[in-house]
Amino acid sequence: MPDITTEADVRVLVDTFYNKVREDTLLDPIFSDVAKVDWEHHLPKMYAFWNGMILGKAGYNGRPFPLHAVLPVGKEYFERWLELFKETVKENFEGEGADRANNAAASIAHTFATRMGLIDPMASQML
Ligand code: HEM
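Nothing here was measured: the structure is a model prediction, and the numbers come from that model. (Residues numbered from 1 in each chain as written. Predicted model: local features only at pLDDT ≥ 70, side-chain atom pairs only at ≥ 80, totals over all residues.)

## Observations regarding helix α1 (residues 7-23)
Each α-helix turn comprises 3.6 residues. Residues three or four places apart therefore point the same way. Its 17 residues give α1 an end-to-end C-alpha distance of 24 Å, which sits within 8% of 24 Å, the value for a rise of 1.5 Å per residue. All of the buried residues in α1 are D9, V10, L13, V14, F17 and V21. The arc enclosing the buried residues of α1, seen along the axis, measures out at 130°, which places them on a common side. For α1, the exposed residues set more than 90 degrees away from the buried face come down to A8, N19 and E23. On its buried side, α1 packs onto α2 (28-34), α3 (39-55), α5 (75-92) and α6 (96-115). (Helix = DSSP H or I, 4+ residues; strand = E, 2+ residues; numbered from the N terminus. Expected span 1.5 Å × (residues − 1). Buried ≥ 20, exposed ≤ 12 C-beta atoms within 10 Å, placed from the backbone. Arc of directions from axis to C-beta. Contact = placed C-beta atoms within 7 Å.)

Quick look at the structure:
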C-alpha cells in the first residue's frame, strides 16, 4: 500500500472520503440539505487544507471552525465523520503521511466537538 506523499495522493484521499460522505445517510443531509455544499467550490479548499496538514504545503488560509459551529450536529456526527475518514485512509494508504492524516483528523474533530460543547473536556472522553 502506498503512503500519502504527493498532492495527487491527497486528491485521491479527499475525493474518496467525500464520496463516502455523500453516500452516508447520517452525514449527507448536512452537506446536501443544510449547508447545500457546492462541491466544485468545496473540494479544492479541502485539497489545500489536507495538502497543508499532510504534506506541510501552504495554501489553505481559512478558519474552518465557525462554519461547523452553526451546523445541527451532535457527537455521533463527528464519530461517523472520523470513522469514514480513517476507513478511507486504511483502504488506500499506509505510512507516515497516512498517520499524519489520521492524527490531524482525530485531533481537529475532537477540538471542534469539544468547542461545540459535545464532549465534556473534564471527562477526558475521546471521539
Ligand atoms: C460532523 C463532522 C463534520 C461535518 C458535518 C462537516 C461539514 C462541513 C460543511 C457543511 C462545510 C462547509 C462547506 C461549504 O459550505 O463550503 C465544511 C467545511 C470544512 N470542513 Fe468540515 N465537517 C465536519 C468535520 C470536519 C473536520 C473534523 C475537519 C478537519 C479535520 C473539517 C474540515 C473542514 C474544512 C477545512 C472546511 C472548509 C472551510 C472553509 O471554507 O474554509 N470538517 N465542513
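## Section: the nonpolar core
Within soluble globular proteins, side chains that are nonpolar tend to cluster in buried spots. Within the largest apolar cluster, 22 residues are counted, with the highest numbers of intra-cluster contacts made by I4, L13, A101 and A109. If you tally residues by element for this core, the top one is α6, at six residues. Beyond its immediate chain neighbours, meaning those up to four positions away, A101 contacts I4, L13, M53, I54 and V89. (Core = buried A, V, L, I, M, F, W, Y, C linked by C-beta atoms within 7 Å.)

## Details of unusual backbone geometry
With a phi close to 45°, K36 is a non-glycine residue in the positive phi region. With respect to the helices, strands and loops of the structure, K36 is situated in the loop between α2 and α3.

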